[in-house]
Amino acid sequence: MIVISKKTEVHTVLDKKRQSGSAIGFVPTMGALHDGHLSLIREAMRATDELLVSIFVNPTQFNSSADLDKYPRQLENDLLLLKSAAPHAMVFAPEVEEMYPPKEVRKAYDLGELDAVMEGARRPGHFQGVAAIVDKLFQLSGPCKAFFGEKDFQQLAIIRHMAAQYHPNVDVYGVPTRRESDGLAMSSRNMLLTPVFRAEAPVIYQSMLRFARNVRQEGIETCLKEFVASVEKNGLLKVEYAEVARNKDLKPVKEFEDDTRFFTAVFAGDVRLIDNVSLS
Ligand code: AMP
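Residues numbered from 1 in each chain as written. Predicted model: local features only at pLDDT ≥ 70, side-chain atom pairs only at ≥ 80, totals over all residues. Heavy atoms only, no water.

Chemist: Where do I start with the side chain of Thr48 in this structure?
Modeler: Residue placement: Thr48 occurs in the loop between α2 (35-47) and β3 (50-55). In this structure the side chain of Thr48 is engaged in a polar contact, spanning 2.6 Å, whose partner is the backbone oxygen of Ala44. With sequence-adjacent residues up to four places away left out, Thr48 is seen in contact with Ala23, Ile24, Gly25, Lys145 and Phe147. (Helix = DSSP H or I, 4+ residues; strand = E, 2+ residues; numbered from the N terminus. Polar contact = N/O pair within 3.5 Å; in protein donor to acceptor, adjacent residues only side chain to side chain. Contact = heavy atoms within 4.5 Å.)

Chemist: How should I be thinking about the site of the ligand in this particular structure?
Modeler: Not every one of the 17 residues close to the ligand is listed here, only the nearest: Met30, His37, Asp152, Arg178 and Met186. A distance of 2.9 Å is found between an oxygen atom of the ligand and a backbone nitrogen or oxygen belonging to Gly149. Taking Arg178, its main chain carries an N or O atom lying 2.9 Å from a nitrogen atom of the ligand. Contact with the protein chains covers 92% of the free accessible surface of the ligand, which is 490 Å². Breaking the shell around the ligand down by element, the ones donating at least two residues are β2 (24-29), α2 and β5 (144-149). The dominant element in the shell around the ligand, judged by the number of residues it contributes, is α2, at three residues. Tallied by class, residues from the shell around the ligand come to seven nonpolar, seven polar and three charged. (Near = heavy atom within 4 Å. Areas by Shrake-Rupley, 256 points an atom, 1.4 Å probe, with all protein chains shown as cover. Nonpolar A, V, L, I, M, F, W, Y, C, P; charged D, E, K, R; others polar.)

Chemist: Would you explain the packing of helix α7 (residues 126-141) against helix α8 (residues 153-166) in this entry?
Modeler: Helix-helix packing is described using two parameters, namely the angle between the two axes and the distance between the axes. At their nearest, the axes of α7 and α8 sit 11 Å apart, and the two run at 50° to each other. With respect to their mutual orientation, α7 and α8 come out oblique. The hand of the α7/α8 crossing is right-handed. Two secondary-structure elements touch here, α7 through Phe127, Val130, Ala131, Val134, Asp135 and Phe138 and α8 through Gln154, Gln155, Ile158, Ile159, Met162 and Ala163. Within the contact of α7 with α8, the residues separate by chemical class into nine nonpolar, two polar and one charged. (Axes fitted to C-alpha atoms, helices over the stretch in contact; angles between N-to-C directions. Parallel < 35°, antiparallel > 145°, perpendicular 65-115°, else oblique. Left-handed = near helix turned anticlockwise from the far one by under 90°.)

Chemist: Please clarify how the pattern of salt bridges should be interpreted in this entry.
Modeler: Proximity of charged atoms lets side chains of opposite charge pair with each other. Tallied over the entire structure, the rule returns 21 salt bridges. The partner of Arg18 in a salt bridge is Asp15, with the nearest N and O atoms 3.3 Å apart. In this pair, Arg18 and Asp15 are both assigned in helix α1 (residues 7-19), three residues apart and thus about one turn of the helix distant. For the salt bridge of Arg46 with Glu43, the shortest nitrogen-to-oxygen distance reads 2.7 Å. Pair noted here: Arg46 and Glu43 are both in helix α2, with a separation of three residues, about one helical turn. (Salt bridge = Lys/Arg side-chain N within 4 Å of Asp/Glu carboxyl O.)

Chemist: Teacher, can you tell me more about the sheet that holds strand β8 (residues 260-268) here?
Modeler: Where strands meet in a sheet, backbone hydrogen bonds hold them as pairs that are either parallel or antiparallel. Pairing in this open sheet of three strands is antiparallel, and the strands run β7-β8-β9 from one edge to the other. Two strands bound the open sheet, and with one partner strand each, they are β7 (237-246) and β9 (271-278). Mean inter-strand twist for the sheet, computed between neighbouring axes without regard to direction, equals 15°. Alignment of β8 against β9, held across eight bridges, turns out to be antiparallel. If you follow Thr264 over to β9, its bridge partner there is Asp275. Packing of helix α11 (residues 220-232) onto the sheet brings it into contact with β7 and β8, and relative to β7 it is tilted by some 155°. (Pairing = 2+ DSSP bridges.)

The following block contains the structure:
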């Protein structure tokens, strides 16, 4: 495994690999790696010849400096994990200045209307920040196959849209959400949960499954009320939003239809957890 911190070095190494006919797989992460990240890595290793993993906590996608400061960082641990899971990987772990040179003018990305709903509506500028870093990383990694988690389904949709416009040489793949044995979606933020909130958090997925089971018969409105009541019943968790939207354009729907998903964001104290599940 090699660890690189400079963009020029990534170019040099990948160009050499491509010249020898290798297909490049790319998995961008913000580190604090868990089995969800590893499932993307395993998928990338299956589908390509050479793997690039980036570890970079992207400041432009955070809405507050407090959230950015408390985001878990554990590079040494991550590298140990990668050494055993992907011994031949190239790891790109740059400093902030390498990705955002001082005085650089920020681009504004056309994200369709995909960033107007759900996470985008609650976290202004978040997806512009995601687009900025993914644009920079795709400039380095492409042509390649890039792997993203369905855990962040809206992000995946936005990256597909963005890649189609700005990076046609990057094929974007979605990978299903990995969960803990009690159903909680794996997330780097889970390690910020106190034991009390961690014990309560599985009620989110349990309530999502109940929603998915009942929505055809009982309708969206009733099931949303049931969802909120069930998640909040012990007074610990607070639902920020819960809604049904179309897979294809993320447009919210009020009456049940096929090819839709249930999406939610829930506060466990000051830790914000997001999740989604297919209703098809
Ligand atoms: P992050 O480090 O949180 O920015 O995530 C990096 C990538 O891993 C993103 O494409 C996420 O959607 C994906 N990811 C995070 N958690 C999971 C999970 N539980 N299952 C599958 N993919 C995940």
